[in-house]
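Secondary and tertiary structure notes
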Amino acid sequence: MRTITLQVRFVAPIVVGLTTTVIAALVDHIPWEGWPQLLLSFGMIVIASLMRIPDPRGSSVTPSSVLFYLVIYIFNPPTVLLIVGAGRTVGYVLSNRGWAPWRAVFNGAQVGLSAAVGALVFGLLGGNSGHIDWPRDYPALLAGPLAHQVVNNFFVAHVLSRWRGTPFLRTWVDGVRDLFWPNLLSIPTATLVAILYTRFHPGAVVAYLLLLPFQWRALGLYIRRRQLYEQIIDGLVVATDANFPVGAGKGHARRVARIADAIAREMRLSESMAESVKFAALLHDIGMIGKDDLLARPVVASEDAEELLDHVRVGAEIARELPREEIAEAILHHHERFDGSGYPGGLRGEAIPLAARIVALAEVVDSMAFGIYPHPTAASWASIISHVTLEKGKGFDPDVVDAFLRSLDRDPFAIEGWSPSASDVARSPGLSWMATR
């Protein structure tokens, strides 16, 4: 389990302190006389935040976006900061009983600041808080929520990049891109609710409560679709494992994925790219299904070897049914060599997909360690490190080799069955972390 870094713990009180300071400085600008509307908006955000759905990636989603946009349209920035920040904090405290209190407060503070920036942009582009003039206000109605999303992703990317060791800018861009269309599609609903609120009666916003269960249901279907996607991959991995006739082959895919993921993290790839590398590593031998009789033979004839080599094409065709094309490409090319002497395309250098270059090294390391075809016996760690080092720039991407060796020093994976001897540790660079175990 990853620990919260000191940088994240340092940023959290700064964000909370900034939020508190801004509210205290601008408290006179909050329309307290309209307390029923303030309380109503606060309560709805709390309710929406309670409807939290855990995301398999470790975060969570709620049907709150429309309400954030609504508040951006109808209140000034200080009021937005107070309502969204307090509502989100209370909602998360009530729904995340396992969370440390500072996480809930930090989450509420950063979302409140993001929404306040959205309200500020809405006003700067001609929007009038509490009065929607459609279609004149269209640019402001569009820009306010998008500004909120960009700033919100800024805070989230900062935390995730420090927590996961990924590049900040790439993490930020990935987050904005992934959520762009869902948030854009929420703007018309927020605009309609704002028109009802401002032109008819503030109580009309309560009608939106009737839509919350449907939004929650839609979010649940999205998350379950992702869970199903991962379950399908897990089922394919189990089928691949069952195909290996020898004990060492059991767990090969998961060990390769562990190594590949460690390399991807060390190379500071984006979260989405690291995930693709992991999935490609899990499925890299899926084309071997049905070839267990060949793998069980002590000697593989040349014509049968050709059939085994074709597993990359078969595996890629199977993986093309998944929604990520880069996974299939990585599977197809994970036996290419950096010098161009590999198969099936004879690609050279950076023409080989990066995910394939990472999986290629990870597979060789595990196959050598456990004596998996085409390696007849398990190799010592000294031999593995020596082979990887000698193949730097030939079979393997030099950057991938360097990241692999660094990852060993960091000890990002502890794989059952990996037990280098003391002599291996003494002779092998990159295994110093084993010396104290």
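In this report, we go over the structure that sits alongside the text. Everything quoted here is computed from the prediction, not taken from an experiment.

Concerning the environment of V15
Along the polypeptide, V15 turns up in helix α1 (residues 6–25). Each C-alpha atom, one on V15 and one on G108, is 9.9 Å from the other, the two residues being 93 residues apart in sequence. Excluding its chain neighbours within four sequence positions, the residues that come into contact with V15 are F106, A109, Q110, L113 and F155.

Here we look at the pattern of salt bridges
All chains considered together, the criterion is met by 12 salt bridges. Where D366 meets R255, a salt bridge forms, and the shortest distance between an N and an O atom there is 2.6 Å. Within this pair, whereas D366 is found in helix α15 (residues 354–370), its partner R255 is found in helix α9 (residues 252–266), the two being separated by 111 residues in sequence. Given a relative accessible area of 0%, D366 falls into the buried group. Here the salt bridges do not stand alone but share partners, grouping E317, R320, E325 and E329 into one network.

Looking at the packing of helix α2 (residues 35–50) against helix α4 (residues 77–95)
The description of two helices packed together rests on the angle between their axes and the distance between the axes. It is at 8 Å that the axes of α2 and α4 come closest, and there the two elements cross at 35°. When you trace α2 past α4, the crossing you get is right-handed. Touching L38, S41, F42, I45, V46, S49 and L50 of α2 are T79, I83, V84, A86, G87, R88, V90, G91, Y92, L94 and S95, all from α4. The residue makeup of the contact of α2 with α4, split by class, is 11 nonpolar, six polar and one charged.

Description of the nonpolar core
With 48 residues, the main nonpolar core has I263, L283, I358, L361, V365, V388 and F404 as its most contacted residues. Of all the secondary structure elements, the ones that give two or more residues to this core are α8 (212–243), α9, α10 (271–283), α14 (325–332), α15, α16 (381–390) and α17 (398–410). Counting residues per element, this core draws most heavily on α15, which supplies 11 residues. Counting 32 residues, the second-largest nonpolar core is a separate cluster that includes F68, F75, L141 and A190.

Examining the packing of helix α3 (residues 65–74) against helix α5 (residues 101–124)
Running from N to C, α3 and α5 point in directions that differ by 45°, and their axes come no closer than 8 Å. In terms of axis orientation, α3 runs oblique to α5. Crossing handedness for the pair α3 and α5: right-handed. Seen from α3, the contacting residues are F68, I72 and Y73; seen from α5, they are V111, A115, G118, A119 and F122. Considered class by class, the residues forming the contact of α3 with α5 number seven nonpolar, one polar and no charged.

Some details on the side chain of R357
Locating R357 in the fold gives a position in helix α15. Among the polar contacts listed, one links the side chain of R357 to the side chain of D397, at a separation of 2.6 Å. If sequence neighbours within four positions are ignored, R357 has contacts with F338, G349, E350, I352, D397 and V400.

Rules used throughout
Position labels on residues start from 1 in each chain and follow its written sequence. Totals for whole chains, interfaces and linings use every residue, but because this is a predicted model, local features are given only for residues with pLDDT of at least 70 and side-chain atom pairs only at 80 or more, for both listing and counting. Side-chain measures here rest on the full set of heavy atoms in the structure, leaving out hydrogens and waters. Runs of H or I in DSSP of at least four residues are treated as helices and runs of E of at least two as strands, each being numbered from the N terminus. The contact rule is simple, with two residues in contact once any of their heavy atoms fall within 4.5 Å. Throughout this description, the term salt bridge denotes a Lys or Arg side-chain nitrogen within 4 Å of a carboxyl oxygen of Asp or Glu. Only protein chains enter the accessibility calculation, which uses a 1.4 Å probe. A residue is then buried if its area is under 20% of the maximum for its type, exposed if over 50%, and partly exposed in between. Axis angles are defined between N-to-C directions and span 0 to 180 degrees, where every axis is a line fitted to C-alpha atoms and, for a helix, only to the segment in contact. For any helix crossing, the convention is left-handed if the near helix is rotated counterclockwise from the far helix by under a right angle, and right-handed if that rotation is clockwise. Three categories are distinguished: nonpolar for Ala, Val, Leu, Ile, Met, Phe, Trp, Tyr, Cys and Pro, charged for Asp, Glu, Lys and Arg, and polar for the others, with Gly belonging to the last. Joining through side-chain atoms within 4.5 Å is the link that ties buried Ala, Val, Leu, Ile, Met, Phe, Trp, Tyr and Cys residues into a set, and such a set is a nonpolar core. By the definition adopted for this analysis, an angle is roughly parallel if under 35 degrees, roughly antiparallel if over 145, roughly perpendicular if from 65 to 115, and oblique otherwise. Each polar contact in these results corresponds to two N or O atoms within 3.5 Å; when the atoms are within protein, one needs to be able to donate a hydrogen and the other to accept it, and residues that are neighboring in sequence are counted only if both atoms are side-chain atoms.

Just geometry here; none of it tells us what the structure is for.
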